[in-house]
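Next come the chains, spelled out residue by residue.
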Amino acid sequence: MVYDVVVIGGGIVGLATAMKLLEQQPALKVVVLEKESRIAQHQTGNNSGVIHSGVYYKPGSLKAKNCLEGYKMLLEFCKAENIPFEICGKIIVAVSENEIGQLQNIYARGVENGLTGIKLIDKEEIKAIEPHCAGVKGIFVPQTGIINYTEVSKRYFEKIIAAKGEIRLGEKVVDIQQQPSSIKVITATNEFETRLVVNCAGLYSDKIAALTNANINIKIIPFRGEYYVLKKTKEHLVKNLIYPVPDPAFPFLGVHFTRFIEGGVEAGPNAVLAYAREGYTKSKINLPELFETLTFSGFIKVAKKYWKTGAAEIYRSYSKAAFTTALQRLIPEVQKNDLMPGEAGVRASAIDAEGNMVDDFVIEQQQNIIHVLNSPSPAATASLSIGKHISEMAIKML
Ligand SMILES: Cc1cc2nc3c(=O)[nH]c(=O)nc-3n(C[C@H](O)[C@H](O)[C@H](O)COP(=O)(O)OP(=O)(O)OC[C@H]3O[C@@H](n4cnc5c(N)ncnc54)[C@H](O)[C@@H]3O)c2cc1C
């Protein structure tokens, strides 16, 4: 089987990349290899379903550029393809005076990133938007929306097939061998010869990079995000999306309330170390993976620096009362009994050997391979822009 491009990973980033490659060069022979029996089984299928506006990201960063561009591309795509989405807006609220400084920093970033219509709001304006929300000051972000990213991925899938691309499910990549004039990608059952490889393996992107001896300074550490769902009778407490002021030291946004596009409201996600890369429950443990995490110098440094926050997250993961208390900062009326356990997602968080949690997207080129080594939130929102960028890189390399 001989291809121009093999894309590893059938999540939203791999699928967007394959679709964009075929849009730009319809004659290319492209295949997506996905280890699961369905696409979008991991981060893409287990996220909050928010269309991010770009308000949080450092101006000029890959996250800011791709989120802003990807946002427009996603909305155009969904309109053209009749995929349901809703631009409902969100509020970020400071619940105490000492959070106002950080709230104002976020507002300034939003303005610098060119978001029009965002505004600082006071207590009364917060109540007018979200009547049950407590907050001393907030930001209203009109651009934020909600969507189902599995539905978006399915449409990318259909477009790839219509453009004569291939998607091979149940193909777990186990080795990559450089040949004199091509690359051999080996799965448990097949071999694929190709001119170029794009690694979009999400939670395993560092492992795929290691197969090609790429000299990477990053390891993927899995952080599980657990959710609760609001009881139907309490859904009226949340109109749209309510977020806290995030801790600037962490790449996570803090537990928040999100309305689903299909109806219903979820609360979360927290961020606890998962004991397996695909550890969606507390009891799922993969000992070799856990050992690798715990002995990685970068993780040890992060754990030493942030042990208090980490311990609090673990406590909140086991204690529903503590989770409820965190949510009550935003909506005091929410009670423990109003919350039912929801699904969980696992974030692929890149940490470098020096103990820094890598914030920005990382896309690296190594000979005839492109590695997507960090594609955290907002990569689902930004998928079409990331896919366009990677496909342009790939076409230059071919
Ligand atoms: C809890 C949570 C909430 C989030 N909320 C949002 C949000 O509201 N908005 C937003 O924009 N983003 C959000 N994100 C981030 C977003 O989901 C991710 O950035 C995005 O899905 C990344 O897509 P991906 O294709 O890189 O990874 P994935 O979706 O994880 O896809 C990687 C694929 O590679 C496959 N794979 C791995 N190893 C191999 C192998 N050896 N061989 C073959 N295939 C392999 C996997 O099976 C998987 O399907 C959230 C993420 C999480 C976890």
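Throughout this description, residue numbers start from 1 for each chain and increase along the sequence as written. Under the rules for a predicted model, residues below a pLDDT of 70 receive no local features and side-chain atom pairs below 80 are neither given nor counted, while totals for whole chains, interfaces and linings still include all residues.

### Let's talk about the overall build of the protein chain
Now for step 1: Each helix corresponds to a stretch of at least 4 residues labelled H or I by DSSP, and each strand to a stretch of at least 2 residues labelled E; elements are numbered beginning at the N terminus. The secondary structure content of the protein chain amounts to eleven helices and 20 strands.
Now for step 2: The globule rule used here is 2.2 Å times the number of residues to the 0.38 power, and the radius of gyration it is set against is calculated over C-alpha atoms. Relative to the 2.2 N^0.38 estimate, which gives 21 Å for 398 residues, the radius of gyration of the protein chain is 21 Å and therefore close to what a compact globule would have.
Now for step 3: Oriented by its inertia axes, the alpha-carbon framework of the protein chain measures out at about 65 × 45 × 35 Å.
Now for step 4: Within the protein chain, buried positions represent 48% of all 398 residues. Remark: C-beta atoms are placed from the backbone, and a residue is labelled buried if 20 or more other C-beta atoms sit within 10 Å of its own, exposed if 12 or fewer do, or partly exposed between those counts.

### Topic: the nonpolar core
Now for step 1: A set of buried residues drawn from Ala, Val, Leu, Ile, Met, Phe, Trp, Tyr and Cys, joined through C-beta atoms within 7 Å, is what defines a nonpolar core. Val5, Val6, Ile8 and Leu15 are the most contacted members of the largest nonpolar core, which totals 118 residues.
Now for step 2: A per-element tally of this core places helix H1 (residues 12–24) first, with eight residues.
Now for step 3: Here the limits of each domain have been adopted from an automatic or database domain assignment. Of the domains in this structure, domain 1 (2–48 + 150–217 + 359–397) and domain 2 (85–144 + 223–352) are the two that each give at least three residues to this core.

### Side note on the sheet that holds strand S4 (residues 85–86)
Now for step 1: Taken together, three strands build an open sheet; the order of strands is S3-S8-S4 and the sheet is antiparallel. Across the chains shown, the open sheet's two edge strands, defined by having one partner strand only, are strand S3 (50–51) and S4.
Now for step 2: At least two DSSP bridges between two strands are needed for those strands to be called paired. Judged from the two bridges that link them, S4 and strand S8 (residues 145–147) form a sheet pairing that is antiparallel. Within S8, the position partnered with Phe85 by the bridge is Ile147.

### Some points on the site of the ligand
Now for step 1: The local shell around the ligand holds 41 residues, among which Gly9, Gly11, Gly202, Gly345 and Ala379 are the closest.
Now for step 2: Taken together, the elements giving at least two residues each to the shell around the ligand come down to H1, strand S2 (30–34) and strand S18 (339–352).
Now for step 3: Amino acids outside the nonpolar list (Ala, Val, Leu, Ile, Met, Phe, Trp, Tyr, Cys, Pro) and the charged list (Asp, Glu, Lys, Arg) are all regarded as polar, and Gly is one of them. Here the shell around the ligand is composed, by residue class, of 17 nonpolar, 19 polar and five charged.
Now for step 4: Structurally, the shell around the ligand is a two-domain feature, drawing no fewer than three residues from each of domain 1 (2–48 + 150–217 + 359–397) and domain 2 (85–144 + 223–352). Note on definitions: a residue is near a molecule or strand provided its C-beta atom, placed from the backbone, lies within 6 Å of it.

### With respect to the environment of Gln366
Now for step 1: Tracing the backbone shows Gln366 in strand S19 (residues 362–366).
Now for step 2: You can call Gln366 partly exposed: it has 15 C-beta atoms within 10 Å.
Now for step 3: Not counting the four nearest positions on each side in its chain, Gln366 is found in contact with Thr212, Ala214 and His371. Contact between residues is assigned whenever the C-beta positions, reconstructed from backbone atoms, fall within 7 Å.

### Let's talk about unusual backbone geometry
A negative phi angle characterises most non-glycine residues, just as the trans form characterises most peptide bonds.
Now for step 1: Following Gly268, the chain continues to Pro269 via a peptide bond in cis, the omega torsion being -5°.
Now for step 2: On the secondary structure map, Pro269 appears in the loop between strand S16 (265–268) and strand S17 (272–273).
Now for step 3: Ser377 connects to Pro378 through a cis peptide bond whose omega is 10°.
Now for step 4: One non-glycine residue, Asn82, lies in positive phi territory at about 55°.
Now for step 5: On the secondary structure map, Asn82 appears in the loop between helix H2 (62–81) and S4.
Now for step 6: Owing to 7 C-beta atoms within 10 Å, Asn82 belongs among the exposed residues under this scheme.
Now for step 7: Phi is positive for Lys164, close to 70°, though the residue is something other than glycine.
Now for step 8: Relative to the helices and strands, Lys164 is located in the loop between helix H5 (149–162) and strand S9 (166–169).
Now for step 9: Of the residues examined, Lys164 has 12 C-beta atoms within 10 Å and is grouped as exposed.

### As for the pairing of strand S7 (residues 137–141)
Now for step 1: Counting buried positions over the five residues of S7 gives five, a clear majority of the element.
Now for step 2: On S7, burial covers both faces: Lys137, Ile139 and Val141 on one face and Gly138 and Phe140 on the other are all buried.
Now for step 3: Across five bridges, strand S5 (residues 90–94) lies against S7 in antiparallel orientation. Bridge pairing in S7 places Ala94 opposite Lys137.

### A word on the domain arrangement of the protein chain
Now for step 1: When the domains of the protein chain are assigned, the result is domain 1 (2–48 + 150–217 + 359–397) and domain 2 (85–144 + 223–352).
Now for step 2: For domain 1 versus domain 2, the distance between C-alpha centres works out to 29 Å.
Now for step 3: Counting residues at the interface gives 15 residues for domain 1 and 14 residues for domain 2.
Now for step 4: The class makeup of the residues in the side of domain 1 that touches domain 2 is five nonpolar, nine polar and one charged.

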